[in-house]
Structure formats: structure tokens, C-alpha cells
Amino acid sequence: MTVKRSLLVEADELPAAQDDKLASLHMSRLVIPAAPLAGFHGAASSAPPSTVSAILRMEGAGDASYVKYSSGQANINAELRPMLATAIRTYTEFPSSGPIRVADLGCSVGANALGFAECISNAVLEKFKSLGLPAPEIQHFFSDLPSNDFNLLFSLMPHLKSGEDDWGNLDNCREMDTTRSYYAAAVPGSFYDRLFPRESLHVVMSTWSMHWLSHIPTSVTDKSSPAYNKGKVWINEGSPAVAEEYSKVSKENLKAFFVNRGVEMVSGGLLFVMLMSRKDPCRKEIQFGQPLGLGSPICGMFELAWNDLVDEGVVDEDTRDSFNMPIYCPSADEITEAIDESSAFRVEKLEIWEDIDFLPRATAVQLATNPERWGAMAMNMSKTMMLTLVEAHVGPEVAAKLWDRLQKQVTAHCRRTKTVFCANSPGCNIALAFLVKK
Ligand SMILES: C[S@@+](CC[C@H](N)C(=O)[O-])C[C@H]1O[C@@H](n2cnc3c(N)ncnc32)[C@H](O)[C@@H]1O
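Predicted model only: the values in this text are computed from it and were never measured.

Q: I'm lost on the overall build of the protein chain in this one. Help?
A: Check the secondary structure of the protein chain and you find 13 helices and 10 strands. Residues classed as buried in the protein chain amount to 57% of the 438 residues present. Across the protein chain, every contact between residues at least 6 apart in sequence was considered, and the portion connecting residues at least 24 apart equals 82%. With the model as given, the accessible surface of the protein chain reaches about 17800 Å², and the carbon-plus-sulfur share is 53%.

The structure is reproduced here in C-alpha cells:
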């Protein structure tokens, strides 16, 4: 399958020539106003009736760890990293003194977060070197919800590079061959709220995260509401009224994200975001196209597994209907609207990648010949993301039954169709945007 990539926005105006140090380095940028806590009061907030932000956690150390079951995301991230490095070279304006501060929002655990940290620090160092300037100190903030397994993330982290810059070592860090050129810190909290002091960040990124909603709209679990999500656990191919309620939460969330980053970033700083997106701007309930919608372990298969539990009398219909997956894939228009409403960013580039492949072709074809293996893998991919939400809803015993039924559904689907959801399966789209803080 050919992945269709549409470039929706590319700014005509390129930044000032890179050979002019003074044009691209603004020494006055790093002024952080006094009274740092003031920002917390004035900040746009997701004001959550939120259960999601309090419960959601990608599996850390468990069997279904995100460290092991994120290779699909990793494959796409490998394509994004060179684009991000180019954007840092092309669009950013850094101060010539003081640390360069970077934040990865929704970092989770594992190689994906560490790979981006390495890519960004290398790009920043190269940019300074190309300008004939001394290497800056770089501080990289790994940010996620408070329940994220930051300990695991830090235990996987390479040593600090030691030597001429007197950057020291992290003695209790796991022995690794590689080194890093940034100081690391964790920042717990929702990216729909304020996380950092005003005008303190130079590069901010977020991948695979902003399609997670801060909360489920109350109307979709209210039986008397026309938007009650009867018979389903998500919005794909469901009632337009339910999808509309989801879209309202997404709209608030996206706006809060861009407004808060607008406060936290310095002028000239780079914001890179990538999130799952939807092709059809009008039909909000068509989140994934077919056959992905049917074959996906977080979509059609996940729903079928819940139905199995209902049919077997393990849970009643109300229990299934009151579980709702907190994901919404906005269209390019919805993302652009939120950026515009924040008035804080200039869009340098906005692209939609349609029908992405999560796995390399050869791997997917091979997995399709082994339905049992694929069933277990796909179940774990779903479990790594949904475990805490499902267990909070039905407890660990019923949750274990759900994963078992999901594995069986995926295995049977693979045996029947001789495909895995991520090969020859159009339907999954992502949006990526490179923005510069005005
Ligand atoms: C699929 S992981 C993405 C990890 C990594 N960025 C990558 O590229 O693989 C999504 C992450 O977003 C986080 N997340 C979801 N909603 C969030 C929120 N409101 N604030 C901060 N993090 C959030 C989740 O906890 C999870 O760790």
C-alpha cells in the first residue's frame, strides 16, 4: 500500500539566514518573569471531571509493557526524527547563553522517548556548532501523567556524557554503551494544564498522545441522554451524536494544549506535535476506515471482546456500555482550528499521512501466517494502553477475561482473513504539525 501524504500547510516565509548568528540567536529570549507561580492561576485548564488523567497509564514493567509493545509507533517515529532535526535546524531561534530547555509531553516509557531526546539534543548541538558557538547545556523534561512509570524510564536512560563540559555521571543509572548529552528531569501532570513556568521552553514535542481525551463526556454514560453510547465501547461507526460529544471534549483539550504551550514557550521556539487523525472532516464517527476499524485490537476486535463477555454473562450490558475508550482522532480542520484559536503559533508545516503501516511489510506478512502469535501480540498492544482503564472499570479478574477474548477474536480474524490489521489495511491516519511560537 502506498501511504498518501498530504502537505496541508507549508509556510512560504523561511526564517532568517542561518549564517547570521545574531539573526537566529536572540539573547533576550530567555527572560523568565518573576513570580513563577502566577501562571498556574491564569492558565487555561482542562478543568476535568477527569477520571482518565487520574487512571491512564501505559504498562511499564508488566508483561504488556509499552517498552516491548510500541514497535508500531517506533516505526513511524523513526521517520519523524529526521524531520524534527531538520525543523530544529530550520525554524528555531535559540538564546546564545543559558540552558536550552526541551519537553516531551506524553513521553511514556522506553526507546521512543529516549530516541527523541537523543535526536533533539544532537540537532541542537549541531545547530550551535554550525554557528561556531560553544555547546549549550540542554535540559530535557520527560513529561507524562503522574502514574507514568518514570522510574523505569530513568533506569533505561544512558549515562550522561562526561568530560570537558563537566557534566558528571548518574552512577546508579543502568550500564549502557551509549551516553547522553542532556540533563533529564520528570514533570508529572496533564498536558492539557500548565506544566512549566512562563517562557521557559525552547523545543516542545508530543507524539501519539494528544488523541487521548482528558475525560469522557458525561452525556455518553447518561442513559437519559440522546448521546448515550448504547451497545458500544467507542465511537467508531457508532452514533454521530456520541461522536459529537467526544469532539467537544477534544476541541477543549486541543485548545487548552496550545494555549498552555503558548504561555510556556519562548518566542521563536519550536512545537512539534503528532497525533492520530481522521480522514473525513465531516463524519466524526468514522474514526478509522475499514478494514482497520474491524481488525484493530483497540477498535472492532476490542468491541467484539466486550460483546463476548456480555453474551457469556460475565458482565451485563450496562457495564459494557458505561466503559468508553477516551480516544478521539480529530480532522486536520479541527487541529488547525485549535491552533488558530490559541493565537500563539505560526504553522510552518502541517501534514496528514494516510493509511500508515504500523509494522514493516515483511513482518506483517510473516505474522499473518501465524495467527496465534499475532493474536497474543495484538492483545498485548491493546493491553499496554488500556489495562488501567479496563481494570478500574471491571477489576482485574474480569479484565483478564477480556484480554483472553480479545486474543481469541484477533487470532480468529487473522486465521479467517490471513491478514494482520496493520498490513494492507487502510484506515489509520496521523497528523503532524511543526509550529513556531509567535
Ligand atoms: C502511546 S503513548 C506515546 C508515547 C511516546 N510519545 C511515543 O512516541 O511512543 C501515549 C502517552 O500519552 C500519555 N498521555 C495521555 N493523556 C495525557 C495527558 N492528558 N497529559 C500527559 N500525558 C498524557 C499517556 O500516559 C501515554 O504515556
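More follows now that the structure is in view.
Q: I would appreciate a short explanation of the side chain of Arg194 in the present structure.
A: By the element assignment, Arg194 lies in the loop between strand E6 (183-188) and strand E7 (201-207). Residue class for Arg194 comes out buried when judged on its relative accessible area of 7%. In this structure the side chain of Arg194 is engaged in a polar contact, spanning 2.8 Å, whose partner is the backbone oxygen of Phe196.

Q: What is the right way to look at the site of the ligand in this model?
A: By nearness alone, 18 residues border the ligand, and Tyr66, Gly106, Asn112, Asp144 and Thr207 come closest of all. Taking Asn112, its side chain carries an N or O atom lying 2.8 Å from an oxygen atom of the ligand. Contact distances for the ligand include 3.0 Å between a nitrogen atom and a side-chain N or O atom of Ser190. The protein chains hide 99% of the 600 Å² of surface that the ligand would expose on its own. Residue classes in the shell around the ligand are distributed as nine nonpolar, eight polar and one charged.

Q: What exactly am I supposed to notice about the confidence of the model for the protein chain here?
A: Interpretation of the predicted coordinates at a detailed level should be avoided for regions scoring low in pLDDT. On average, residues of the protein chain score 83 in pLDDT, and 82% of them are at 70 or above. Across residues 13-50, confidence stays below pLDDT 50; counting only partners more than four residues off in sequence or on other chains, it has 63 contacts.

Q: Please explain the packing of helix H4 (residues 71-91) against helix H5 (residues 111-130) as it appears in this structure.
A: A pair of packed helices is captured by two measures, namely the crossing angle of their axes and the spacing between those axes. Closest axis-to-axis distance for the H4/H5 pair is 9 Å, and the angle between their directions is 20°. Between H4 and H5, the crossing angle belongs to the class labelled roughly parallel. The two elements H4 and H5 cross, and the hand of that crossing is right-handed. Within the contact between the two elements, H4 uses Gln73, Ala74, Asn77, Leu80, Arg81, Leu84, Ala85, Ile88 and Arg89 and H5 uses Asn112, Gly115, Phe116, Cys119, Ile120, Ala123, Val124, Glu126 and Lys127.

Q: Which parts of the structure should I look at to understand the pairing of strand E2 (residues 100-105)?
A: The two faces of the sheet receive side chains in turn, since in a regular strand these alternate between them. A large share of E2 lies buried, amounting to six of its six residues. Burial along E2 is two-sided: the residues Ile100, Val102 and Asp104 and Arg101, Ala103 and Leu105 are all buried. As paired elements, E2 and strand E3 (residues 138-144) share six bridges and run parallel to each other. Counterpart to Ile100 in the pairing with E3 is Ile138. After leaving E2, the chain enters H5 and then returns to the sheet as E3, a path that is right-handed. Where E2 lies against E7, three bridges are found, and the strand directions are parallel. What sits directly across from Val102, in E7, is Val203.

Rules behind the numbers
- Residues numbered from 1 in each chain as written.
- Predicted model: local features only at pLDDT ≥ 70, side-chain atom pairs only at ≥ 80, totals over all residues.
- Heavy atoms only, no water.
- Helix = DSSP H or I, 4+ residues; strand = E, 2+ residues; numbered from the N terminus.
- Buried < 20%, exposed > 50% of the residue type's maximum accessible area, 1.4 Å probe, protein only.
- Contact = heavy atoms within 4.5 Å.
- Areas by Shrake-Rupley, 256 points an atom, 1.4 Å probe, with all protein chains shown as cover.
- Polar contact = N/O pair within 3.5 Å; in protein donor to acceptor, adjacent residues only side chain to side chain.
- Near = heavy atom within 4 Å.
- Nonpolar A, V, L, I, M, F, W, Y, C, P; charged D, E, K, R; others polar.
- pLDDT = per-residue confidence, 0-100.
- Axes fitted to C-alpha atoms, helices over the stretch in contact; angles between N-to-C directions.
- Parallel < 35°, antiparallel > 145°, perpendicular 65-115°, else oblique.
- Left-handed = near helix turned anticlockwise from the far one by under 90°.
- Pairing = 2+ DSSP bridges.
- Right-handed = clockwise from strand over helix to strand, strands pointing away.

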